[in-house]
Amino acid sequence: MHPWAIFVEALKSWRINWRKLAGIYLLIYIPLTVLDIVNALWMVKGTRPLLIQFGGSLVHWVFDALAVASLILSVKEQSSAVIIGVVETIKMGVKNLWRYILTILLYSIIIGASVLLIVIIMSVVTVIFTKTTGVTLVLLLAAVAIIACVVAMVYFAVRFSLAGVICIMEKLGPVAALKISHSLIKPCVPPVIGTYLIIFLLIVLCFIPVYALGPIISPKSLALILLTSYQVLAGAALVPIWITAQVGLYKKLKEVVS
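Residues numbered from 1 in each chain as written. Predicted model: local features only at pLDDT ≥ 70, side-chain atom pairs only at ≥ 80, totals over all residues. Heavy atoms only, no water.

Caption draft 1: Structural detail: the overall build of the protein. A count of helices and strands for the protein gives nine helices and zero strands. Starting at the N terminus and ending at the C terminus, the protein contains elements arranged as α-α-α-α-α-α-α-α-α. Here the protein, with 258 residues, has 38% of them falling under the buried criterion. Taking as baseline every contact in the protein between residues at least 6 positions apart, the subset at least 24 positions apart corresponds to 79%. Approximately 14,400 Å² of the protein is accessible, and the part contributed by carbon and sulfur atoms is 77%. (Helix = DSSP H or I, 4+ residues; strand = E, 2+ residues; numbered from the N terminus. Buried < 20%, exposed > 50% of the residue type's maximum accessible area, 1.4 Å probe, protein only. Contact = heavy atoms within 4.5 Å. Areas by Shrake-Rupley, 256 points an atom, 1.4 Å probe, with all protein chains shown as cover.)

Here's what the structure looks like:
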């Protein structure tokens, strides 16, 4: 397994089906984007009630999950030589949405709990040592705590990163999907991380114009509309590439482990 080979293969697979993948993404994200722009312009004029902010974030998160679940199904259909329309694929995504949401929630809880546990342990140790030692040791312990948190977060984020793809493709529950993801990635961590780094670099390169042009464009309302529109159009290509690479990575790992 070579990260660049996996990435190139994902690009080739994406090019075959990019219109449908972009259609799924845009059909879900264009209404969300319009809503985001309206909310952002509203925020410029004044603050929104906390309940409305929470409700908007929850709705956005659910539709994010729906988009990813539908894209995974579309890539799976392509590899199975099954042709299904955009709307039909999204409907299938709705049926599998609960499975994906539960998997992502468990995935997030595991990462958050591991980091929180380390923070609590190191905080207790720091309090104890503060009473008996100097500031230098306390700062050292704080640095150790930060490093431990980062290591724990990266460890679980990488090992369980394919759980969302697995739960949709294999129609499994969250626990089974996480276990399979861990067992597949465990012997092949370097190529998995390498593939993710290549895609991350591509995303960074594509979003450089957003950060470069943002401060230049005025007024702020026009900058908001233009930059948000660019993000949606870029996401219509980047998110499907990311999903296609994850599906391809999952298949490669299955071949290697088996």
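Caption draft 2: Highlighting the side chain of serine 161. Within the secondary structure, serine 161 sits in the loop between α5 (135–159) and α6 (163–169). Looking at serine 161, its side chain comes within polar contact range of the main-chain oxygen of valine 158, at 2.8 Å. Of the polar contacts made by the side chain of serine 161, one reaches the side chain of tyrosine 196; its length is 2.7 Å. Filtering out sequence-adjacent residues up to four positions away, serine 161 remains in contact with Tyr107, Ser181, Ile185, Tyr196 and Gln246. (Polar contact = N/O pair within 3.5 Å; in protein donor to acceptor, adjacent residues only side chain to side chain.)

Caption draft 3: Examining the layout of surface pockets more closely. By volume, the largest pocket is sized at about 690 Å³. Forming the walls of the largest pocket are 28 residues, and the residues nearest its centre are Tyr107, Ser161, Tyr196, Trp242 and Gln246. Put simply, the parts of the chain that give the lining of the largest pocket at least two residues each are α2 (50–79), α4 (97–132), α5, α6, α8 (189–213) and α9 (220–257). Considering each element in turn, the lining of the largest pocket owes the most residues, seven residues, to α8. (1 Å grid on protein atoms, 1.4 Å probe; cavity = no way out; pocket = protein on both sides within 12 Å on 5 of 7 lines; lining within 4 Å. Points joined across faces, edges and corners; volume = space filled by probe spheres on them.)

Caption draft 4: Geometry of unusual backbone geometry. In this structure, lysine 171 takes a positive phi of about 55 degrees despite not being glycine. Topologically, lysine 171 is positioned in the loop between α6 and α7 (174–185).

Caption draft 5: Summary view of the packing of aromatic side chains. A complete count under the given rule lists six aromatic pairs for this structure. For the ring pair tyrosine 25 and tyrosine 29, a centre distance of 4.2 Å and an interplane angle of 20 degrees mean the geometry is stacked. With tyrosine 25 and tyrosine 29 both in helix α1 (residues 3–45) and four residues apart, this pair spans about one turn of that helix. Here tyrosine 25 and tyrosine 29 have matching classes, each one buried. With a centroid separation of 6.4 Å and an interplanar angle of 85 degrees, the aromatic rings of phenylalanine 207 and tyrosine 230 are classed as edge-to-face. (Phe/Tyr/Trp six-rings, centres within 6.5 Å; stacked < 30°, edge-to-face > 60°.)

Caption draft 6: How the structure looks around α7. The end-to-end C-alpha separation of α7 is 16 Å, in line with the 16 Å expected for twelve residues at 1.5 Å each. For α7, the full list of buried residues reads Pro174, Ala177, Leu178, Ser181, Leu184 and Ile185. Down the axis of α7, the sector holding all buried residues measures 135 degrees, keeping them to one side. (Expected span 1.5 Å × (residues − 1). Arc of directions from axis to C-beta.)

Caption draft 7: Inspection of the nonpolar core at higher detail. Residues Ile28, Ile72, Tyr100 and Leu253 are the most contacted members of the largest nonpolar core, which totals 53 residues. Elements represented by at least two residues in this core include exactly α1, α2, α4, α6, α7, α8 and α9. Those residues in contact with leucine 253 that sit more than four places away from it in its chain are Met1, Leu162, Leu184, Ile185, Cys188 and Val192. One finds Ile118, Met122, Ala145 and Cys149 within the second-largest nonpolar core, a separate group that totals six residues. (Core = buried A, V, L, I, M, F, W, Y, C linked by side-chain atoms within 4.5 Å.)

Caption draft 8: Looking closely at the side chain of arginine 159. In this fold, arginine 159 is placed in helix α5. Excluding residues that lie within four positions of it along the chain, arginine 159 makes contacts with Ser181, His182, Ile185, Lys186 and Val189.

Caption draft 9: Geometry of helix α3 (residues 86–95). Looking at α3, one finds that the buried residues are Thr89, Ile90 and Gly93. Burial along α3 is one-sided: seen end-on, the buried residues are contained in an arc of 100 degrees. Those residues of α3 that are exposed and aimed more than 90 degrees away from the buried face are Lys91 and Lys95.

Caption draft 10: Highlighting the pattern of salt bridges. Tallied over the full model, the rule gives three salt bridges. The salt bridge partner of glutamate 9 is lysine 252, with a shortest N-O separation of 3.7 Å. With glutamate 9 in helix α1 and lysine 252 in helix α9, this pair connects stretches of sequence that are 243 residues apart. A relative accessible area of 28% means that lysine 252 is categorised as partly exposed. For glutamate 170, the salt bridge is made with lysine 254, and the minimal N-O distance between the two is 3.5 Å. In this pair, glutamate 170 is assigned in the loop between α6 and α7 and lysine 254 in helix α9, connecting sequence segments 84 residues apart. On the accessibility criterion, glutamate 170 (34% relative accessible area) is partly exposed. (Salt bridge = Lys/Arg side-chain N within 4 Å of Asp/Glu carboxyl O.)

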